[in-house]
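Here are the chains, one letter per residue:
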Amino acid sequence: MFRARLESRRLFAANRATAPAAQREMHQPAVSHTSMANAIRALAMDAVEQAKSGHPGMPMGMADVATVLFTKFLKYDPQHPDWPDRDRFVLSAGHGSMLLYAVLHLTGYGDMTLEEIRRFRQLGSRTAGHPEHGHAAGIETTTGPLGQGLGNAVGMALAERILAARFGNDLVDHYTYVLAGDGDLMEGVSQEAITLAGHLKLGKLICLFDDNKISIDGPTSLATSEDATLRFASAGWRVLDVDGHDPAAVETAIAAARQDDRRPTMIRCHTVIGYGAPTKAGTASTHGSPLGEKEVAGAREKLGWAHPAFVVPNEVVAAWRAYGARGAADYEAWTKRLAAVPAEKRAEFERVIAGDLPAAFAGAIESLKAKAAAEKPKLATRQCSGNVLEELTKIMPELVGGSADLTGSVNTQAKAMKVIKAGDYSGRYVHYGVREHAMAAAMNGMALHRGVIPYGGTFLVFTDYCRPSIRLAALMGVRSIFVMTHDSIGLGEDGPTHQPVEHLAALRAIPNLQLLRPADMVETAECWALALAAKEMPSVLVLTRQAIPAVRTIHTRENLSARGAYVLSEATGPRRVTLLATGSEVSIAMDAQARLAREGIEAAVVSMPCWSLFERQPASYREQVLGPGTVKVGVEAAVGFGWERWLGPEGGFVGMKSFGASAPGGDLFKHFGITADAVVSAVKARLG
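Residues numbered from 1 in each chain as written. Predicted model: local features only at pLDDT ≥ 70, side-chain atom pairs only at ≥ 80, totals over all residues. Heavy atoms only, no water.

Every regular strand shows the same layout, with side chains that alternate between the two sheet faces. Of all six residues that make up strand β7 (residues 265-270), six are buried, and the element is covered over most of its length. Covered by surrounding structure in β7 are T265, I267 and C269 together with M266, R268 and H270, the residues of both alternating faces. Pairing between strand β3 (residues 205-211) and β7: six bridges, direction parallel. Among the inter-strand pairings, D210 is bridged to a residue of β7, identified as C269. Pairing of strand β6 (residues 238-243) with β7, which is carried by six bridges, proceeds in the parallel orientation. The residue bridging V239 from the neighbouring strand is M266, located in β7. In this region the chain leaves β6, passes through helix α13 (residues 247-259) and returns to the parallel neighbour β7; the handedness of that crossover is right-handed. (Buried < 20%, exposed > 50% of the residue type's maximum accessible area, 1.4 Å probe, protein only. Helix = DSSP H or I, 4+ residues; strand = E, 2+ residues; numbered from the N terminus. Pairing = 2+ DSSP bridges. Right-handed = clockwise from strand over helix to strand, strands pointing away.)

Now the structure itself:
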């Protein structure tokens, strides 16, 4: 079982060779590994006990592994936590958050104070129940929904390889470690992520699998009997087995993993959940509940930890801080290498790490808009998006695209974009395969890593497969761009299984998510500009399969879509009616406006590419656009949920009230009554 132990002598020299430079040169503090690991266990027990809530079992079980990783291998500098070339540590098993918080405190991250540990799971603390990106330095991603961190880690490891191929190993050369548990591996997204990483041979990705064989309900044997070793191995990973409570074996295994740059490694760490608890260790009762005062006292005695709650002896803290300080030398060496890089290359590296758009960006968008206004193309907005990408990828090498096996349908690969392959990461396009969930999770990991801007495409209906990752992108505030095409019954013959009707409403309900549904080529260019400018917000671009007419035929330098909604075509006389629409239905509203005008009814057409942006406009602007006192009718090839906020109780809505059907798209719009005639009828009914 413990094959890694057998390699210990052969790999001892390799261990020292692959450890960070500062670690090889420093002397280890005269404090035992056991004392350092028990500091993690004690803080975890105490914080959960004080909060009367939390998960002490995993931090207690994986304390030995975490101690080896953070003291022997991980490259980090608490004084420069955003150092681009640091190793990434992802706690996919986010319920064990106290392991991460304890290590961050012990290694000297300034904002993870003992007071924050005491305030575990309390309102306003940095120590949320599950790790939240941005709450404290050293929290690389938000985890808790199981499997997500594993997907994020794949994206981080891929971003590292892409940037190394572009800028060289002197600037980019680091590992991604992910701690995953049994629950992570049960989630379907984990299989997608594991096979993608194995296929791409991401050799700088190391998974530390906490194999404690316990879940909330009890032994994992209640629900699964798979062999994780065979599962990872079949996906192209190297697999090592270790006793997770044997620090020498763990050290040897991590050293071996770092030697193999041709494939990712999973280290199967056999651990005891709640290690040290006298009666509850190895049982489900330590997973998600405080141990209880008596059990905590017994654990202290069994572990030989004779210190009060939240007290870590000075010598143990000093030992941890010494290891935390070792990264300063690696950081300083890296800054010298960066300073030695030619100025132009250094400036470009710093730009993409900061996430800034290139100087030529505004001009490229302006040129696309002017050309479209002049030519008035009738195109599907998925084609419009492809045209935008053709231009932007020329000036933005940081754009990394992909699709879930739908490249030709979603128009996400620009002609000059080389495909990323195993061993050759110089490309910028990822074939994710039919792995929508892992694609979205990996995109979040790439965005968190920084240096690249990820976008990925599939059909809008399959946001159902991506939704957990889209939600987390919004929660974290990262610039992941989801390109979602085939956005309505307009896709036609594929039928109701592929025709989204409730998806716009569902996505609009997610806070901090920018949903953009453009109406033509000009709006598509504007919406791409908005998505790329939003550094702290993900975007969903919602695009048509079918060709639609141009509606923006007069060029304006202003990005009108940036206000979320705007008057596209004002009434020629006093406005009596306001027609509001998004995407492909804007042209339907324009037709209805013309028909109403012929009958002497003055109407304005409002295009609403992004509701959330419109919500943030001043009330006076919103009132001006919506037209106070006018009859309001909305039109969108989706369910009407949410439209009442713009239409009011007396307004009308022309859209979907059921699932779609299989037929040509044009026939479906007529069948479901989403036509200019239907809009005119809705207006007349309200005018009396």
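Turning to the sheet that holds β6, a few remarks are in order. Taking strand neighbours across the sheet as the criterion, the five strands line up as β1-β2-β3-β7-β6 in an open arrangement whose pairing is parallel. Across the chains shown, the open sheet's two edge strands, defined by having one partner strand only, are β1 (88-91) and β6. Within the sheet, the average angular offset between the axes of one strand and its neighbour, ignoring direction, is 20°. Two strands pair when backbone bridges link them, and strand β2 (residues 176-181) and β3 are joined in this way by six bridges, in the parallel orientation. Bridging from a neighbouring strand, G181 pairs with D210 of β3. Seen against the sheet, α13 touches β2, β3, β6 and β7 and runs at an angle of roughly 170° to β6. (Axes fitted to C-alpha atoms, helices over the stretch in contact; angles between N-to-C directions. Contact = heavy atoms within 4.5 Å.)

Its location among the elements puts A197 in helix α11 (residues 188-200). Along the sequence, A197 and A153 sit 44 residues apart, while their C-alpha atoms lie 9.5 Å from each other. With residues up to four places along the chain from it excluded, the contact list for A197 reads V154, L202, L205, W237 and P264.

Overall, the coordinates contain 32 salt bridges when judged by the stated rule. With a shortest N-O distance of 2.5 Å, E599 and K684 are connected by a salt bridge. Separated by 85 residues along the polypeptide, E599 in the loop between α25 (586-598) and β16 (603-607) and K684 in helix α30 (residues 676-687) bring together distant segments of the chain. For E599, a relative accessible area of 45% gives the class partly exposed. Using a relative accessible area of 36% as the deciding quantity, one classes K684 as partly exposed. Several salt bridges share partner residues, and in doing so they unite R166, E348, R351 and E398 into one network. (Salt bridge = Lys/Arg side-chain N within 4 Å of Asp/Glu carboxyl O.)

Summarising the element assignment, E523 is placed in helix α24 (residues 521-533). In this structure E523 is buried but unpaired, with R552 as the nearest side chain of opposite charge at 4.4 Å. Within the local environment of E523, its side chain forms a polar contact with the backbone nitrogen of A519, the two atoms lying 2.8 Å apart. One polar contact links E523 to Y566, side chain to side chain, over a distance of 2.5 Å. In this structure E523 touches R517, P518, R552, S561, Y566, S607 and P609, once residues within four positions along its chain are discounted. (Lys, Arg positive; Asp, Glu negative; His and termini not counted. Polar contact = N/O pair within 3.5 Å; in protein donor to acceptor, adjacent residues only side chain to side chain.)

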